[in-house]
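# Chain and residue survey
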Number of protein chains: 2
Amino acid sequence: MIIAVDAMGGDYAPKEIIAGAIDAKEKLKIHICLVGQSDIINEHLHEIGIKEGIQVVHASEVIGMDEHPGTAIRRKKDSSIVVATRLVKEKKADAVVSAGSTGAQMAAALFGLGRIKEVERPAIVTVLPAKTGRVVLLDAGANADSKPKHLVQFAKMGSIYAEKILSFSNPKVALLNIGAEETKGNELTIESYKLLQDDVNINFLGNIEGRDLLEGHADVIVCDGFVGNVVLKFAEGLAGTMFSLIKEELEKSLPRKVGALLAMPAFKAIKQKLDYNEYGGAPLLGIDGVSIICHGSSKAKAITNAVAVAKQCVESDLIGKIKEAI
Amino acid sequence: MIIAVDAMGGDYAPKEIIAGAIDAKEKLKIHICLVGQSDIINEHLHEIGIKEGIQVVHASEVIGMDEHPGTAIRRKKDSSIVVATRLVKEKKADAVVSAGSTGAQMAAALFGLGRIKEVERPAIVTVLPAKTGRVVLLDAGANADSKPKHLVQFAKMGSIYAEKILSFSNPKVALLNIGAEETKGNELTIESYKLLQDDVNINFLGNIEGRDLLEGHADVIVCDGFVGNVVLKFAEGLAGTMFSLIKEELEKSLPRKVGALLAMPAFKAIKQKLDYNEYGGAPLLGIDGVSIICHGSSKAKAITNAVAVAKQCVESDLIGKIKEAI
């Protein structure tokens, strides 16, 4: 199995990306193909003493985080994400992993690999830490405006992902809404509720409110990409705000400082639980090929874990399973 | 000044509501009118040794948290929230405060007091703790589907509230969105951006993403009621989850327990900072009268603070100021 890794994408590219990819190669017994500016990649490989066993594919351009995805993909045909995605299309790689611009990766996947037939809107899936383990949320931002039938497809694709990759059995699906009752919500959720309930292939629990999102009652939570993106980014912001509040308060007196030192392992355990580096990455669902999205701030560990997710997606034939279900 | 307090609304009604209202009467030098089942209210007053100085207005019915707001308001004409709101309409009270069903309070306000002319959609405003102090978010759930022109009105009403009640000078307004650029977002936010930018009476900063919501860059953040409600409830859930994670981890070993004891004042300070009881309540904006919404879990302190907010709204002529601005 060959996993193409976009060496140029992400806040810590290329160093952490390369380190994570090499680690994955050794741990997972797979082949890695690093895609990006070859002189830079080779220099890094040289520095860490890697002389062979890693394939490097040159791509002269890099797409920045702020570039318009569609435009960037069209203009920069020799960018690392476009070239890496093309390797999958041409069956020179089994999957692509990137921590670069999510929008550009989605655009590259849409143009390069295409949608699975019948899937109208591919979605970005995200894995959040819940009280009982993990919860899958989608769409996390691929589609700013969604229709009820799209949410039904998100539910199906999310369920397959939860089952095949996260080992949930018969995953429970909930609709993110502003009330528990069937009649609550906006036009989109009221209509989506009916469709989700009527679909025998979806293990639909009903509505879930914002406050229960991380309780673990549901395994897969569907919402439109606008709401999903706001919630996801807000969670990151709020967790950060709370940790900085805690830090600030703990530094205010000597007893508090001593207490903080003693309690430090507890905080480390929590940070680890909330750390996206532990989850690595998640596939773009609905794309006809495996393209794993990583957080922009991914370090080596996240990339290693993301490559492991890519391997799982390929081995479990995630794409084939989605094709069957939709 | 007379503030009507719905003695029957909220998780801790009537005990905590009555206690908070009495405290407010003493601290704020105002008159309180407790509305609800008079035998129960009088029994509570008797228990805490209050014999005079508190007016009690009887209302035989109570609207539960799960009842459909519109239906409940029509059927239960002698419910505490309907009667308390009527006191304001009849100028027998200057404002109403309730911790009962938000939907029922909104419905009672719409039917009893009406909208301010020109305000198409009244909004629920909420005050969140931000890094730099406080941030105002609206709509927090009154309108599941909003139009761009509604968001413009939310911006104006939120600005006046922030200025008159929270003492922000020339409050900065931001639009909650999924990207910083003007072209990012869904149909609603892309269109709203233009209107907000073109309105010379709004101090518009631009878009704000979920992760920056609590950073304090903006003072007033506008969004549709669906997104606002999800974010608000998610914030409550996430803060709760984090505290229970911290507690769980801190109980795992003796050094951690000792550390937790020493650091306890820090945690208390944070809990206080995040505690909605500190903020009390916020007015329904766009209603032609002062109706203060409190959190369902409000205890005495929250009610006291909410009555203080009611007093401020009356004294600063919030309704008159909104009428001028819209």
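Please refer to the structure placed before this passage.
I will try to describe carefully the structure that is included in this document. Think of each chain on its own: its residues are numbered from 1, step by step along the sequence as written. Going through the entries in the order they are written, you letter the chains from A and number the ligands from 1. In keeping with the model being predicted, local features are shown solely for residues with a pLDDT of at least 70 and side-chain atom pairs are shown and tallied solely at 80 or more, while totals for entire chains, interfaces and linings include all residues. Hydrogens and water are ignored here; the side-chain numbers use all heavy atoms of the structure.

### Regarding empty space enclosed by the protein
- In this analysis the probe radius is 1.4 Å and the grid spacing 1 Å, with only protein atoms considered; a cavity is a set of points the probe fits into but cannot get out of, a pocket is an open set with protein on both sides within 12 Å along at least five of seven lines, and lining residues have an atom within 4 Å of a point. Grid points are joined across faces, edges and corners, and a volume is the space filled by probe spheres set on the points. Inspection of every chain in the model, using the stated rule, returns one cavity of 30 Å³ or more.
- Quantified by volume, the largest cavity comes out at close to 40 Å³.
- Every residue lining the largest cavity is listed: Phe 226 of chain A together with Leu 151, Leu 175, Leu 176, Asn 186, Leu 188, Thr 189, Val 222, Cys 223 and Asp 224 of chain B.
- Of all elements in the fold, only β7 (173-176) and α7 (187-198) of chain B reach the threshold of two or more residues within the lining of the largest cavity.
- Gly counts as polar in this scheme, as do all residues outside two lists: the nonpolar Ala, Val, Leu, Ile, Met, Phe, Trp, Tyr, Cys and Pro, and the charged Asp, Glu, Lys and Arg. Among the residues making up the lining of the largest cavity, the classes are represented as seven nonpolar, two polar and one charged. A run of H or I in DSSP counts as a helix once it spans at least four residues, and a run of E counts as a strand once it spans at least two, with each numbered from the N terminus.

### Here we look at the interface of chain A and chain B
- Contacts: residue pairs with any heavy atoms within 4.5 Å of one another. On the side of chain B, 49 residues touch chain A, which itself brings 50 residues to the contact.
- By definition, the buried area sums, over both parts, the 1.4 Å-probe accessible area that each loses when the two are put together. Approximately 4,800 Å² of surface area, both sides summed, lies buried where chain A meets chain B, with 76% of it carried by carbon and sulfur atoms.
- By definition here, a salt bridge exists when the distance from a side-chain nitrogen of Lys or Arg to a carboxyl oxygen of Asp or Glu is within 4 Å. Inspection of the region where chain A meets chain B yields two salt bridges.
- Residues Glu 209 of chain A and Lys 233 of chain B are paired through a salt bridge, measuring 2.2 Å at the closest nitrogen-oxygen approach.
- Counting of polar contacts relies on pairs of N or O atoms within 3.5 Å, with two restrictions inside protein: one atom must be capable of donating a hydrogen and the other of accepting it, and residues adjacent in sequence are counted only when both atoms are side-chain atoms. Linking chain A to chain B there are eight residue pairs in polar contact (both at pLDDT 80 or more).
- Listed by contribution, the elements that provide at least two residues to the side of chain A that touches chain B are α7 (187-198), α8 (225-250) and α9 (254-274) of chain A.
- When residues in the side of chain A that touches chain B are grouped by element, the largest group, 20 residues, is from α8 of chain A.
- Considering only residue class, the side of chain A that touches chain B consists of 29 nonpolar, ten polar and eleven charged.

### Some words on unusual backbone geometry
- Residue Pro 14 of chain A is bonded to the preceding Ala 13 of chain A through a cis peptide linkage, with omega at -5°.
- Along the chain, Pro 14 of chain A falls in the loop between β1 (2-6) and α1 (15-28).
- In this structure, Asp 139 of chain B follows Leu 138 of chain B across a cis peptide bond, with omega equal to 5°.
- As for its placement among the helices and strands, Asp 139 of chain B is situated in the loop between β6 (133-138) and α6 (148-164).
- A positive phi angle is found at Asn 170 of chain A, which is not glycine, with a value near 45°.
- With respect to the helices and strands, the residue Asn 170 of chain A is situated in the loop between α6 (148-164) and β7 (173-176).
- We note that Asp 317 of chain A has phi near 50°; this positive angle belongs to a residue other than glycine.
- In this structure, Asp 317 of chain A sits in the loop between α10 (300-315) and α11 (318-325).
- Burial classification: accessible surface area is computed with a 1.4 Å probe over protein chains only, and a residue below 20% of its type maximum counts as buried, one above 50% as exposed, and the rest as partly exposed. Among the residues examined, Asp 317 of chain A registers a relative accessible area of 40% and is labelled partly exposed.

### Quick look at the pairing of strand β2 (residues 31-36) of chain B
Residue and element names in this part refer to chain B.
- Counting buried residues along β2, five of its six residues qualify, which places the element largely inside the surrounding structure.
- By the convention used here, strands pair only if DSSP detects at least 2 bridges between them. For strand β1 (residues 2-6) and β2, the ladder comprises five bridges, and the chain directions are parallel. In the sheet register, Asp 6 faces β2, and the bridge partner there is Val 35.
- Classification remark: right-handed applies to a crossover when, strands pointing away from the viewer, the course from the first strand over the helix to the second runs clockwise. Crossover β1 to β2 through helix α1 (residues 15-28) is right-handed.
- Following the chain from β2 across helix α2 (residues 38-47) to the adjacent parallel strand β3 (residues 55-58), one finds a crossover that is right-handed.

### Side note on helix α4 (residues 80-89) of chain A
Residue and element names in this part refer to chain A.
- Extensive coverage of α4 is indicated by the burial of eight of its ten residues.
- Of all the residues in α4, the buried ones are Ser 80, Ile 81, Val 82, Val 83, Ala 84, Thr 85, Leu 87 and Val 88.
- Where α4 is buried, its residues contact β1, β2 (31-36), β3 (55-58), α3 (69-75), β4 (95-98) and α5 (102-112).
- With its phi angle positive at about 60°, Lys 91 sits one or two positions after the end of α4.

### A closer look at the side chain of Ser 79 of chain A
Residue and element names in this part refer to chain A.
- Following the sequence through the fold, Ser 79 ends up in the loop between α3 and α4.
- From its side chain, Ser 79 meets the backbone oxygen of Lys 76 in a polar contact 2.8 Å long.
- Here Ser 79 is in contact with Ala 59, Glu 61, Val 62 and Ile 63, once residues within four sequence places are set aside.

### Here we look at the sheet that holds β3 of chain A
Residue and element names in this part refer to chain A.
- With respect to topology, eleven strands assemble into an open sheet ordered β3-β2-β1-β4-β11-β10-β5-β6-β9-β7-β8, the strand pairing being mixed. A strand with exactly one partner marks an edge of an open sheet, and here the two such strands are β3 and β8 (204-208). Pairs of neighbouring strands in the sheet enclose a mean axial angle of 30°, with direction left out of account.
- Note: β4 against strand β11 (residues 290-294), four bridges, orientation parallel. Residue pairing across strands places Val 96 opposite Ser 291, the latter belonging to β11.
- Under this scheme, a helix contributes an axis fitted over its contacting stretch, all axes are lines through C-alpha atoms, and angles between N-to-C directions fall in the 0 to 180 degree range. Docked against the sheet, α1 engages β1 and β2, running at close to 165° with respect to β2.

### A short note on the relation of the copies chain A and chain B
- Only residues with pLDDT of at least 70 in both copies count here: their C-alpha atoms drive the least-squares fit that superposes the copies. Turning chain A through 180° and shifting it by 0.0 Å along the axis lays it on chain B, with an RMSD of 0.0 Å. As the rotation angle and translation indicate, the two copies are arranged about a two-fold axis. Identified as the residue of chain A closest to the rotation axis by C-alpha distance is Gly 259 of chain A, at 1.7 Å.
- Both copies share a contact surface, since 98% of the interface residues of chain A are interface residues in chain B too.

### A look at the sheet that holds strand β8 (residues 204-208) of chain B
All names here are of chain B.
- The strand order across the open sheet formed by eleven strands is β3-β2-β1-β4-β11-β10-β5-β6-β9-β7-β8, and the pairing between neighbours is mixed. Sheet topology places β3 and β8 at the edges, where each strand pairs with a single neighbour. Between one strand axis and the next, the sheet turns by 30° as a mean value, whatever way the strands run.
- Along the sheet, helix α10 (residues 300-315) contacts β1, β2, β4 (95-98), β10 (281-285) and β11 (290-294); its crossing angle with β11, the most-contacted strand, is approximately 155°.

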